[in-house]
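Coordinates in review
Next come the chains, spelled out residue by residue.
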Amino acid sequence: DGFEGERRSQPLPGMDASGELGQIHRFRHPDIDTEVWFVGLGAEQYSHSGVNAFLEEHADEMKGAIVINLEALGAGALSCIEQEGAYKPYKISSRLKRVLRQASERSGVGYHTDRIVSRETPASIAMAHGIQAMTIAGMADGNTALYSADNDIIENVDPQALEDASNFVMAILKSI
């Protein structure tokens, strides 16, 4: 089934180690040496308590990992945020830029580049902690699509944009 090797860590309390979560914990592959953590924190915008708690809880596991923040992927133009953060803008690494180009070639999905320097993002918070990170977002009008808008509702999710974003994100994983 593709999941072989020794256990990497203990399963979460209350979870069955023999099921799918157990397979994830036991997964080892000789060609995979980078952990990728996806964050999608929803409406939590201002205090960044979610990403800060996440980084604090998993600090010892983050060495060498990549954090990918996903925002508004069902709306706007699929974009990689090359520079983000209001107080101290951070740029993504040349390694991640290369991964994005490869992902676009693999998936056939094009992307735009953009900046979010009007606010902090979970990725800019991660970068401030010395972790390699980036944001993939649906962008419109200089910010993530429907950001803090009353019409940020399920009916405004574009199924094709969501499918393209999903294919692109999967290609990112294959390109890392």
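Because the structure is a prediction, the values reported are computed rather than measured. (Residues numbered from 1 in each chain as written. Predicted model: local features only at pLDDT ≥ 70, side-chain atom pairs only at ≥ 80, totals over all residues. Heavy atoms only, no water.)

This part is about unusual backbone geometry. Although it is not a glycine, Ala-72 sits at a positive phi angle of roughly 55°. Summarising the element assignment, Ala-72 is placed in the loop between strand E2 (66–71) and strand E3 (77–84). Positive phi values are uncommon outside glycine, yet Asp-141 reaches one of about 55°. Along the chain, the position of Asp-141 falls in the loop between strand E6 (132–140) and strand E7 (143–144). (Helix = DSSP H or I, 4+ residues; strand = E, 2+ residues; numbered from the N terminus.)

Taken together, the side chains of Lys-91, Lys-97, Arg-98, Arg-101 and Arg-115 present a region of like positive charge at the surface. It is helix H3 (residues 94–107) that contributes the most residues to the positive patch, 3 residues altogether. Structurally, Lys-91 is set in strand E4 (residues 90–91). (Patch = residues over 30% accessible without salt bridge, like charges linked within 9 Å, V, L, I, M, F, W, Y side chains within 5 Å. Areas by Shrake-Rupley, 256 points an atom, 1.4 Å probe, with all protein chains shown as cover. Salt bridge = Lys/Arg side-chain N within 4 Å of Asp/Glu carboxyl O. Lys, Arg positive; Asp, Glu negative; His and termini not counted. Charge placed at Lys NZ, Arg CZ, Asp CG, Glu CD.)

Next up on the list: the packing of aromatic side chains. Using the criterion set out here, one finds 1 aromatic pair in the structure. Both rings, one in Tyr-111 and one in Phe-168, keep their centres 5.3 Å apart while their planes meet at 40°; by these two values the pair is tilted. One end of the pair, Tyr-111, is in the loop between H3 and strand E5 (112–116); the other, Phe-168, is in helix H5 (residues 159–175), with 57 residues separating them in the sequence. Taking relative accessible area as the criterion, Tyr-111 reaches 24% and is therefore assigned partly exposed. (Phe/Tyr/Trp six-rings, centres within 6.5 Å; stacked < 30°, edge-to-face > 60°. Buried < 20%, exposed > 50% of the residue type's maximum accessible area, 1.4 Å probe, protein only.)

Judged by side-chain polarity, Phe-38, Met-170 and Leu-173 come together as a nonpolar surface patch covering roughly 250 Å² of accessible area. Among the secondary structure elements, Met-170 is positioned in helix H5. Take Met-170: its relative accessible area is 43%, and that puts it in the partly exposed class.

This part takes up a negative patch on the surface. A contiguous patch of negative charge, built from Glu-56, Glu-57, Asp-60 and Glu-61, is present on the exposed surface. Tracing the backbone through its elements, the reader meets Glu-57 in helix H2 (residues 49–57). By relative accessible area, which is 59% here, Glu-57 ends up exposed.

With that settled, the discussion passes to the packing of H3 against H5. At a closest axis distance of 8 Å, the pairing of H3 and H5 adopts a crossing angle of 120°. One element, H3, and the other, H5, form an angle in the oblique class. In this structure, the crossing between H3 and H5 has a hand that is right-handed. Contacts between H3 and H5 pair Val-99, Leu-100, Gln-102, Ala-103, Ser-104, Arg-106 and Ser-107 from the former with Asn-167, Phe-168, Ala-171, Ile-172, Lys-174 and Ser-175 from the latter. Looking at the contact of H3 with H5 residue by residue, the class counts come to 6 nonpolar, 5 polar and 2 charged. (Axes fitted to C-alpha atoms, helices over the stretch in contact; angles between N-to-C directions. Parallel < 35°, antiparallel > 145°, perpendicular 65-115°, else oblique. Left-handed = near helix turned anticlockwise from the far one by under 90°. Contact = heavy atoms within 4.5 Å. Nonpolar A, V, L, I, M, F, W, Y, C, P; charged D, E, K, R; others polar.)

So, about the confidence of the model for the protein chain. For residues with low pLDDT, the predicted coordinates do not support detailed interpretation. Per-chain confidence: the protein chain averages 82 in pLDDT, with 78% of residues scoring 70 or above. Predicted confidence is poor over residues 1–15, with pLDDT under 50, and the contacts of this stretch with residues over four places away or in other chains come to 28 contacts. (pLDDT = per-residue confidence, 0-100.)

Bringing H3 into the picture now. Between its first and last C-alpha atoms H3 spans 20 Å; for 14 residues at 1.5 Å apiece the expected length is 20 Å, and the two agree. Looking only at H3, the buried set comprises Leu-96, Val-99, Leu-100, Ala-103 and Ser-104. All buried residues of H3 project into a common sector of 135° when viewed along the axis, lining one side. In H3, the exposed residues that point more than 90 degrees away from the buried face are Ser-94, Glu-105 and Arg-106. Buried residues belonging to H3 abut E2, E3, E6 and H5. Positioned one or two residues after H3, Gly-108 has a phi angle of 75°, which is positive. (Expected span 1.5 Å × (residues − 1). Arc of directions from axis to C-beta.)

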